[in-house]
Amino acid sequence: MRWLCAALVLITPPLPALPNGAEIEMRLQPDGSLSVVEAVDVQHRTTRTIRLRVPSGDHRDRVHTLRDLAIEGSGSAERRADAVTVTLNPGTAILRYTVDGAVRDAGDRLEVTWTLAGWDTARTLVRASFAAPRIAIGVRCTGCTAAQNDQTGLTRFAVQRLEPGQTLDIAVDLPAGTVPANARIQPAKTLAGAFALTAPVATAWAAFGLLLLAGAVSLLLARREGRPLPSGFTAEPFATPDGVLPGHIALLRGADPVVVTAVDLAIRGYLGPDAGPAHPPDDRLTGFERRVLAGDDPRQDLEADAIRRGWLRPPGRARRAGIRITCYGLFLTIVLALTAGYAQLGVILTLTGLALALAARHLPDRTSRGRTLARRLRDPAELPAGHRFVPYALALGRPVPDTAFALGEFLVALQDRRRTPAP
């Protein structure tokens, strides 16, 4: 019954009792929106600015949305980004509108707030009433001379003369769950507000922390040496794990790939006992083997081949990616600080790039596939005998099988050839 009476009052608001007075009725709807009806007497052309973005402390703003604006009488309204300006001509006018964002969840209660302000002329008497689905349990009003609940369940406010620029900050506490909370808090449009800690920013920091932890664990796992695996070398038919060549093994283990590849080419008949070419290159040779056969340094081609096979990481790729992300983060920080706020999101992206660039210095050169291959190459028990396995034993640092191949003489000849400048 009380709700019905309040609804009727809002439909037919009383007219101001005094010149330049204002009678205001507010009703909280079940969906959380606040319906407002203002009956205003104007003796002179008057402007009222309704601000929709107000400071809320800690470099944050409370943001409201005003809709369904209607003026009964002589006047006009102008909408801007964060305010609505209403201009009324002399006479009596009724202003109707609906506000979203006035209800804040205060934990054990709901707090409904709205500010009556913005007139550029004095108001001789301002009276306001507030109705809600449930009776208020607390009432506050900054600037009011009276604020209380009456016997009908309405909350009433009054002030004897409201000077231009003076505000009435109304706050009503309701039982929790009366209506849905819809308050919107956004960073203030200042540099400090752009870096304020908000819920989305806090979520991003938490995600950054988890990402940093996952990255640290992944880095530790990548640097950990696992147990050796069966090598996979077979003599008949001849096979190596993943098609690995002696030069690959030397590269993965930090040995000299030139010497190992030269011995392999000699075993296969491409180099003679004097370490000179004995057979022209053919399609069975890789690019780095061709360079060894020609007496050139094969390391660049060998690394490219290992990268193509997925055993080594491209050098500097992770570091370059980290630097790019850092630059993107700095750019995003500046853009957000000057526009939408939430600039800490750019800071988080910057730190992510820096963390990646620093972690890249500690990343192992070998990929997961390369580390698995290296584990297979650490077990010498399955390395068969025979001259074909001489370069593999040399690359693995294992005893060289006793074969007819004159390894010592060939290494001396190879050393002499490497000392002699190419013609």
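Residues numbered from 1 in each chain as written. Predicted model: local features only at pLDDT ≥ 70, side-chain atom pairs only at ≥ 80, totals over all residues. Heavy atoms only, no water.

Some points on the pattern of salt bridges
Here's step 1: For the structure shown, the criterion picks out 20 salt bridges.
Here's step 2: For Glu 111, the salt bridge identified is with Arg 140, shortest N-O distance 2.7 Å. Placement of the pair is Glu 111 in strand E11 (residues 109-116) and Arg 140 in strand E13 (residues 138-142), with a sequence separation of 29 residues.
Here's step 3: Judged by relative accessible area, which is 35%, Arg 140 ranks as partly exposed.
Here's step 4: Asp 173 is the partner of Arg 140 in a salt bridge, and the nearest nitrogen-oxygen pair spans 2.6 Å. Linking Arg 140 in strand E13 with Asp 173 in strand E16 (residues 168-175), this pair joins segments that are 33 residues apart in sequence.
Here's step 5: On the basis of relative accessibility, which here comes to 7%, the residue Asp 173 falls in the buried class.
Here's step 6: Connected through salt bridges with shared partners, the residues Arg 104, Asp 108, Arg 109, Glu 111, Arg 140 and Asp 173 form a single ionic network. (Salt bridge = Lys/Arg side-chain N within 4 Å of Asp/Glu carboxyl O. Helix = DSSP H or I, 4+ residues; strand = E, 2+ residues; numbered from the N terminus. Buried < 20%, exposed > 50% of the residue type's maximum accessible area, 1.4 Å probe, protein only.)

Section: helix H5 (residues 257-267)
Here's step 1: Burial analysis of H5 places 10 of its 11 residues in the buried class, the great majority of the element.
Here's step 2: All buried positions along H5 are accounted for by Pro 257, Val 258, Val 260, Thr 261, Ala 262, Val 263, Asp 264, Leu 265, Ala 266 and Ile 267.
Here's step 3: Two or three places before Val 258, at the start of H5, stands the capping residue Asp 256, its side-chain oxygen 3.0 Å from that residue's backbone nitrogen.
Here's step 4: One or two steps after H5, the chain reaches Gly 269, where phi turns positive at roughly 90°. (Polar contact = N/O pair within 3.5 Å; in protein donor to acceptor, adjacent residues only side chain to side chain.)

Here's the deal with a nonpolar patch on the surface
Here's step 1: A cluster of nonpolar residues, Leu 213, Val 217 and Leu 221, forms a patch on the protein surface that exposes about 280 Å² of accessible area.
Here's step 2: You can call Leu 213 exposed: its relative accessible area is 55%. (Patch = residues over 30% accessible without salt bridge, like charges linked within 9 Å, V, L, I, M, F, W, Y side chains within 5 Å. Areas by Shrake-Rupley, 256 points an atom, 1.4 Å probe, with all protein chains shown as cover.)

A look at the domain arrangement of the protein
Here's step 1: Domain boundaries assigned for the protein yield domain 1 (21-188) and domain 2 (234-315 + 365-419).
Here's step 2: If you average the C-alpha positions of domain 1 and of domain 2, the two centres end up 83 Å apart. (Domains from an automatic or database assignment.)

Points about the sheet that holds strand E3 (residues 46-51)
Here's step 1: With antiparallel pairing, the three strands of this open sheet are ordered in space as E3-E8-E7. Unpaired on one side and paired on the other, E3 and strand E7 (75-79) mark the two borders of the sheet. Put simply, the sheet's adjacent strands are angled 15° from each other on average, direction ignored.
Here's step 2: Sheet topology places E3 next to strand E8 (residues 83-88); six bridges connect them, and they run antiparallel. Paired with Thr 46 across the bridge in E8 is Leu 88. (Pairing = 2+ DSSP bridges. Axes fitted to C-alpha atoms, helices over the stretch in contact; angles between N-to-C directions.)

Details of the nonpolar core
Here's step 1: With 40 residues, the main nonpolar core has Met 26, Leu 28, Leu 34, Trp 114, Phe 130 and Phe 157 as its most contacted residues.
Here's step 2: Every element with two or more residues in this core is listed here: strand E1 (22-28), strand E2 (34-42), E8, strand E9 (91-100), E11, strand E12 (123-131), strand E15 (155-162) and E16.
Here's step 3: Counting 19 residues, the second largest nonpolar core, distinct from the first, contains Ile 249, Val 260, Leu 312 and Leu 377. (Core = buried A, V, L, I, M, F, W, Y, C linked by side-chain atoms within 4.5 Å.)

Considering the pairing of E7
Here's step 1: Bridge analysis of E7 against E8 gives five bridges, and the strand direction is antiparallel. When the sheet's bridge partners are listed, Gly 75 is paired in E8 with Leu 88.
Here's step 2: Linking E7 to E8, which pair antiparallel, is a turn of three residues.

Describing the packing of aromatic side chains
Here's step 1: Within the structure shown, the criterion is met by three aromatic pairs.
Here's step 2: Measuring from centroid to centroid gives 6.3 Å for Tyr 97 and Trp 114, while their planes differ by 55°, and the two rings are tilted. Of the two residues, Tyr 97 is situated in strand E9 and Trp 114 in strand E11; the sequence distance between them amounts to 17 residues.
Here's step 3: We classify Tyr 97 as buried; its relative accessible area is 2%.
Here's step 4: Under the relative-accessibility criterion, Trp 114 is labelled buried at 4%.
Here's step 5: A ring pair is formed by Phe 389 and Tyr 392, whose centres lie 6.4 Å apart and whose planes are at 50°; its orientation type is tilted. Each member of the pair Phe 389 and Tyr 392 is classed as buried.
Here's step 6: Directly above the aromatic system of Trp 119 lies the positively charged group of Arg 48, at a separation of 4.6 Å from the ring centroid. (Phe/Tyr/Trp six-rings, centres within 6.5 Å; stacked < 30°, edge-to-face > 60°. Lys NZ or Arg CZ within 6 Å of the ring centre and 35° of its normal.)

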